[in-house]
Amino acid sequence: MSKVSIIGAGNVGATCANVLVTGQVADEVVLLDIKEGVSEGKAMDIMQTANILGLNTRLVGVTNDYAMTENSDVVVITSGIPRKPGMTREELIGVNAGIVKSVTENVLKHSPNAIIVCISNPMDTMTYLIHKVSGLPKNRIIGMGGALDSARFKYFLSLALEANATEVEGIVIGGHGDTTMIPLTRFAAYRGIPASSLLPADLLAKVAADTMVGGATLTKLLGTSAWYAPGAAGAQMVAAILHNQKKLISASALLEGEYGESDLCIGVPCIIGRNGIEKIVTFDLNEEEKALFHKSAEAVHKTNAALAGAI
């Protein structure tokens, strides 16, 4: 019997729960929040679709009772304040570091063998924080950002190609930030055909640029952070773990020399399966891509430096 706990019943956490339930990814899902009634209400609302949709997954909502998360196979952390228009992910670090540290300590008291998926922003730095405060093996802590960025990249590619979004391939590496992510346009493809042979260079560059500000664009339109795609990306990670899918997904992983970087979490191609990050896949980057990656890593290191008081 598989069990997933989602910490934070805001828009992202609730969407992740909804995708897990409607996709029947796990047998049991626990949605936990500190605000009384929120997780219970959202869980009830979602479960009232069970008869309509023919669902069997059980979802329960709880207020700040970590005992209910006991023996979770996967814990998804979405806790923290969301971005507001004009706010960078990095500006969230002071408040969210304290929240994520407390959440990590509480979930591991009850689920010491869980794999943790981090969605909280700034995502790479919060993933790094979880490594530092938990002491877990590196394969059991996964940052979600690259999966979301890659999904946005493929969305914009599909629009430019006028193609079905499920038939395009693209991956984003680097930091999960508007100026640090790196859409690898050289590897983008449509049914195996390089996108660079189907789109003019300026249009492909626009696809990359739109991807990089994809989150900020939605924040400006919505007045807060996006939630449908982030929640679904988190659920994608959970499914890959629980069902041992061995999927290649861009994820924020702790590097120990891979891609020439160490002591940081940053988006790289990973094989995700039952053991979490089962392998970091090394792409053959050209010199320009390597330079962009190292620049991105420097920015993530700089943000991580602000964690000094939280570790």
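We now turn to the structure provided with this report.

Analysis parameters
Residues numbered from 1 in each chain as written. Predicted model: local features only at pLDDT ≥ 70, side-chain atom pairs only at ≥ 80, totals over all residues. Heavy atoms only, no water. Helix = DSSP H or I, 4+ residues; strand = E, 2+ residues; numbered from the N terminus. 1 Å grid on protein atoms, 1.4 Å probe; cavity = no way out; pocket = protein on both sides within 12 Å on 5 of 7 lines; lining within 4 Å. Points joined across faces, edges and corners; volume = space filled by probe spheres on them. Nonpolar A, V, L, I, M, F, W, Y, C, P; charged D, E, K, R; others polar. Core = buried A, V, L, I, M, F, W, Y, C linked by side-chain atoms within 4.5 Å. Buried < 20%, exposed > 50% of the residue type's maximum accessible area, 1.4 Å probe, protein only. Contact = heavy atoms within 4.5 Å. Arc of directions from axis to C-beta. Axes fitted to C-alpha atoms, helices over the stretch in contact; angles between N-to-C directions. Left-handed = near helix turned anticlockwise from the far one by under 90°. Polar contact = N/O pair within 3.5 Å; in protein donor to acceptor, adjacent residues only side chain to side chain. Phe/Tyr/Trp six-rings, centres within 6.5 Å; stacked < 30°, edge-to-face > 60°. Parallel < 35°, antiparallel > 145°, perpendicular 65-115°, else oblique. Pairing = 2+ DSSP bridges.

### Concerning the environment of M44
The residue M44 is located in helix α2 (residues 38-47) in this model. Remark: the alpha-carbon pair of M44 and L59, spanning 15 residues in sequence, is separated by 8.1 Å.

### A word on the layout of surface pockets
Counted as a void, the largest pocket has a volume near 680 Å³. Together, 35 residues line the largest pocket, and V12, T78, G80, I81 and P82 are the ones closest to its centre. Elements supplying a minimum of two residues to the lining of the largest pocket: α1 (11-22), β2 (28-33), α4 (93-110), α6 (145-161) and α8 (214-222). Residues of the lining of the largest pocket, tallied by class, amount to 16 nonpolar, 15 polar and 4 charged.

### Let's talk about empty space enclosed by the protein
Tallied over the entire structure, the rule returns 1 cavity of 30 Å³ or more. Of the voids in this model, the largest cavity is the one considered here, and its volume is about 30 Å³. Around the largest cavity sit M123, D124, G145, G146, D149, G174, G175, H176, S252 and G267, which together line it. Take the lining of the largest cavity: its biggest share by element is 3 residues, from α6. Class assignment for the residues of the lining of the largest cavity results in 1 nonpolar, 7 polar and 2 charged.

### Examining the nonpolar core
In this structure, V4, I6, L20, V76, M237, V268 and I272 are the most contacted members of the largest nonpolar core, which totals 58 residues. Examining the composition of this core, we find that 8 residues originate from one element, helix α9 (residues 228-242), more than from any other. Setting aside chain neighbours within four positions, we find M237 in contact with V117, I142, G143, M144, A147, I249, S250, A251 and I272. Judged by nonpolar contacts, the second largest core, of 26 residues, contains V62, L108, M126 and I130.

### Some thoughts on α2
In an α-helix, one turn spans 3.6 residues, which is why side chains three or four residues apart end up on the same side. Three or more residues of α2 are buried, namely S39, A43 and I46. Buried residues along α2 cover an arc of 65° about the axis, so they all sit on one side. In this structure, α2 carries M44 and D45 as exposed residues pointing more than 90 degrees from its buried face. Summarising the contacts, the buried residues of α2 are in contact with α1, β2, α3 (50-53) and β3 (58-63).

### Here's the deal with the packing of α6 against helix α7 (residues 201-212)
Packed helix pairs are specified by the crossing angle of their axes together with the interaxial distance, meaning the distance between the axes. Relative orientation of the contacting elements α6 and α7 amounts to 145°, with a least axis distance of 9 Å. Between α6 and α7 the crossing geometry is right-handed. Counted together, D149, R152, F153, F156, L157 and A160 of α6 and L203, L204, V207, D210 and T211 of α7 form the full contact between these two elements. Taken together, the residues of the contact of α6 with α7 break down into 7 nonpolar, 1 polar and 3 charged.

### Regarding the side chain of S250
Relative to the helices and strands, S250 resides in strand β12 (residues 247-256). A polar side-chain atom of S250 sits 2.6 Å from the main-chain carbonyl oxygen of V172. Setting aside residues up to four positions removed in sequence, S250 forms contacts with M144, G146, A147, S150, I171, V172, I173, M237, G267, V268 and P269.

### Overview of the packing of aromatic side chains
Within this structure, the stated rule accounts for 4 aromatic pairs. Considering the side-chain rings of Y259 and F293, the 5.3 Å spacing of their centres and the 40° angle between planes classify their relative orientation as tilted. Taken as a pair, Y259 in the loop between β12 and β13 (262-273) and F293 in helix α10 (residues 287-304) lie far apart in primary sequence, 34 residues in all. For F293, a relative accessible area of 1% gives the class buried.

### Digging into the packing of α6 against α9
Look at α6 against α9: their axes get within 9 Å of each other, and the N-to-C directions meet at 120°. Viewed along their axes, α6 and α9 adopt a mutual orientation that is oblique. You can see that α6 and α9 cross each other, and the crossing is right-handed. Contacts between α6 and α9 involve A147, L148 and R152 from the former and A229, P230, A233, Q236 and M237 from the latter.

### Structural notes on the sheet that holds strand β11 (residues 193-194)
Pairing is antiparallel across the open sheet formed by 3 strands, whose spatial order is β7-β10-β11. Both outer strands of the open sheet, β7 (168-169) and β11, are each paired with one neighbouring strand and no more. With 2 bridges joining them, β7 and strand β10 (residues 189-190) adopt antiparallel strand pairing. What sits directly across from E169, in β10, is A189.

Nothing here speaks to function; it is all geometry.
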